Amino acid sequence: MGENNQIISDTLLWNKFIHGDEDAFRLIYKSHVQTLFKYGCNFTHDEALIKDCIQDIFVDLMKYRLTIGSTNNIRLYLFKSLKRKIIRSLHKSEIYRHLESDKIPFQYALSNEDEIIEDENTRNRTRHLELAMSTLSPRQKEAIYLKYVSNLSYEEISSLMKMNYQSARNLIFRGLEKLRESFPKEIVLLLSLLRKVKNP
Amino acid sequence: MKDSQEKPSTDFIHQSEFVEWVLRPTDELNQYWENYIAEKPLEIGRIKLAKQLIIDIVPKEKPLDEVEVNILWSKINESVKFRERKIISIRRWSVAASILLVIGLSGWFLSVHKSTDINEINYHSVVGKPKPGKDIMLILADQSKETFSTKEVDLKYSKDGLLTTNSGKQVQKESVEQNSTIEKMNQLVVPFGKKSKIELADGTKLWLNSGSRAIYPVVFKKDKREIFIEGEGMLEVAHDASRPFYVVTDQMKIRVLGTKFDLSAYKEDATISVVLVEGSVEATSGNEKMILKPNQLLSYHKSTHEPTISHVNVMEYVSWIDGWMLCEKEKLTSICTKLSRYYDVRIDVFDPKFNDMTLTGKLDLKSNCEDVLKVICSTAPINYTISENQITLIIREK
């Protein structure tokens, strides 16, 4: 039900923006800039480059607003534009020039580098998960990220990643299974029980 | 999911109802999964594991901070407006700093009245004037005081006037009756060397610079919002056409309908200045009417009552909220005045040769005062000496 509402309001908001409503443009920016930035961080550590790309896609939106037509899914539209922009920019640099676009590593950084995890239990799990994550393909990582972090639907993911619905499902299913198997079950269970006893 | 017992490979992590419950729980989902657990108590171990895995998969990402979001937005608008002029971006920062123009707010305005009956509310009698201390001090409506020894304090008032702080310090609940005729006032006093941010009950954000104070109601009235500021504050006023926003200083009253600006009204300064970041402005002083646009600075001379408008780089005026001082051909003497407020030190620039000296660049106010001085001395022919709380700058002879 929530999804339906969002689609209706997206269409309306987009129409307002196309017809020159600057508040609508501002609202689109404000409600998507954080998720876009976070998504972008998975392609590169260069935050300035991500910000430049975000700037470019919004400037382009304004520039071409009379010709871009309607959309009922602003977020998907922006995700697609950002991904295209970032990959294009990365291709310009030496390191990535020879790589095909689907080989550009999707980083999926689980923990924030500046942050020190104090809890040993959490640190352990994160390490295990990072290890398991590194065995996944970039596309698998990206699909899981889009599903669980960006909260995109399978339809949206398949459209963004240019694959069919069933392949997207399979990609995510297999990836998650790999992660799940890596999970140190016994330890986690035991510790979560202990924690319960300690602070009831 | 009814056959999950028979097919253990279909784990909870693949079920969207489950993922939704973990990441974005609703009453409905809570109800559903509580029932599920009650029916199948043996599943609790697997549920816990799946839940933990999903929580762990979602990374703890660092979001862009508010200032960065605003700078990026300004850059977008700048590019949109000035695309035709083909501005060549020399450096990223210079683009960010050059113009903060916003196109979406043209209907909003701000007006400055030169008025003699400014203080409709006598702020000094509502809340007693505090003695300046070393710590940031919050004075509540019942005159009780809270002090904070940190360099910065972040206060947030909810719609009903409930106060939370970033330091985790518990501040007593202020009970607010909606229909009460007397507004409950709080006062935040920021001594030299510190700064603070307040989010007021209507969502308006106020950054207070060193050596400043603000007096504001815990909850605003239904028809009007009014606060008092002494010193320097940057405001991002929440748009609310039905309740105009007033900022009162000793000699000036500013009317706002929703905009972003920096106000500097230090007692010891000869002028009050208002710098507009976003919005469109109508300033009234005596019989004179002036249109203030973004990037313009209105200086109001306190003794001559003479207003002047000039074009400025607004980043120079607002970058302090993010711990930077941005200077573009700024007088060394003016930089020293700002630094002495920010670090609560005395800086003497006696030599008349300093009067013509200007600096351009970016100073990091997050580092300590001496490091900042070193940066200045490395770019200009200056040496400094420190004794106790007194810094003296001298020209370096060749």
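Let me begin by describing the structure that accompanies this report. Residue numbers restart at each chain and count upward from 1, following the sequence in its written direction. Naming scheme: in the order in which they are written, chains are lettered from A and ligands are numbered from 1. Per-residue local features are limited, in this predicted model, to residues with pLDDT of at least 70; the limit for side-chain atom pairs, both in listing and counting, is 80 or more; totals at the level of whole chains, interfaces and linings are taken over all residues. By convention in this description, side-chain values take in all heavy atoms of the structure and omit both hydrogens and water.

1. Some words on the overall build of chain B
Part 1: Runs of H or I in DSSP of at least four residues are treated as helices and runs of E of at least two as strands, each being numbered from the N terminus. Each helix and strand in chain B was counted, giving nine helices and 23 strands.
Part 2: Accessible area is worked out with a 1.4 Å probe on protein chains only. A residue is then buried under 20% of its type maximum, exposed over 50%, and partly exposed in between. Going through the 398 residues of chain B one by one, you find that 52% of them count as buried.
Part 3: Partitioning the intrachain contacts of chain B with sequence separation of at least 6 by distance along the chain shows that 55% fall at a separation of at least 24. We call two residues contacting when some pair of their heavy atoms lies within 4.5 Å.

2. A short note on helix H6 (residues 138-149) of chain A
Residues and elements named next belong to chain A.
Part 1: By this rule, a helix spans an expected 1.5 Å times one less than how many residues it contains. The terminal C-alpha atoms of H6, which comprises twelve residues, lie 15 Å apart, in line with the 16 Å expected from a rise of 1.5 Å per residue.
Part 2: Counting buried residues along H6, ten of its twelve residues qualify, which places the element largely inside the surrounding structure.
Part 3: For H6, the complete set of buried residues consists of Gln 140, Lys 141, Glu 142, Ala 143, Ile 144, Tyr 145, Leu 146, Lys 147, Tyr 148 and Val 149.
Part 4: Asn 151 sits one or two residues past H6 and shows a positive phi near 60°.

3. So, the sheet that holds strand E22 (residues 382-387) of chain B
All names here are of chain B.
Part 1: Taken in spatial order, the three strands of this open sheet run E20-E23-E22, and their pairing is mixed. Each edge of the open sheet carries a strand with a single partner, namely strand E20 (346-348) and E22. Averaged over all pairs of adjacent strands, the angle between their axes in this sheet comes to 20°, without regard to strand direction.
Part 2: Judged from the three bridges that link them, E20 and strand E23 (residues 390-395) form a sheet pairing that is parallel. Each bridged residue has a counterpart across the sheet, and for Ile 347 the counterpart in E23 is Ile 391.
Part 3: Its contacts with the sheet place helix H8 (residues 332-343) against E20, E22 and E23, and it is angled at close to 165° to E20.
Part 4: Angles here are taken between N-to-C directions and fall from 0 to 180 degrees, while the axes themselves are lines fitted to C-alpha atoms, restricted in helices to the stretch in contact. Sheet contacts for helix H9 (residues 369-379): E22 and E23; angle to E22, the most-contacted strand, approximately 160°. Two strands pair if DSSP finds at least two bridges between them.

4. Observations concerning unusual backbone geometry
Residues and elements named next belong to chain B.
Part 1: Although it is not a glycine, Asn 295 sits at a positive phi angle of roughly 75°.
Part 2: Note that Asn 295 resides in the loop between strand E16 (288-292) and strand E17 (296-301).
Part 3: Residue Asp 344 is not a glycine yet carries a positive backbone phi of 55°.
Part 4: By secondary structure assignment, the location of Asp 344 is in the loop between H8 and E20.

5. What to know about the packing of helix H2 (residues 22-40) of chain A against helix H4 (residues 74-92) of chain A
All names here are of chain A.
Part 1: The contact between H2 and H4 brings their axes to 10 Å, and the two run at 45°. By the angle between their axes, H2 is oblique relative to H4. Both H2 and H4 take part in a crossing whose hand is right-handed. Here Ile 28, His 32, Thr 35, Leu 36, Tyr 39 and Gly 40 of H2 lie close against H4, whose contacting residues are Ile 74, Arg 75, Leu 78, Phe 79, Leu 82, Lys 83 and Ile 86.
Part 2: Its residues assigned to classes, the contact of H2 with H4 comprises eight nonpolar, three polar and two charged. The cut-offs work like this: below 35 degrees is roughly parallel, past 145 is roughly antiparallel, 65 to 115 is roughly perpendicular, and the gaps in between are oblique. Throughout, a crossing is termed right-handed when the near helix is turned clockwise from the far one, and left-handed when it is turned anticlockwise from it by less than a right angle. Each residue gets one of three labels, nonpolar for Ala, Val, Leu, Ile, Met, Phe, Trp, Tyr, Cys and Pro, charged for Asp, Glu, Lys and Arg, and polar for the others, Gly among them.

6. Focus on the packing of aromatic side chains
Part 1: Within 6.5 Å between ring centres, the rings of Phe, Tyr and Trp (the latter by its six-membered ring) count as paired, and their orientation is classed by plane angle as stacked under 30 degrees, edge-to-face over 60, tilted in between. Scanning the model with the defined rule gives 26 aromatic pairs over all chains in all.
Part 2: Pairing A:Phe25 with B:Trp73 gives two aromatic rings, centres 5.5 Å apart and planes at 45°, and the pair type is tilted. Of this pair, A:Phe25 sits in helix H2 while B:Trp73 sits in helix H4 (residues 66-82), on two different chains.
Part 3: Under the relative-accessibility criterion, A:Phe25 is labelled buried at 0%.

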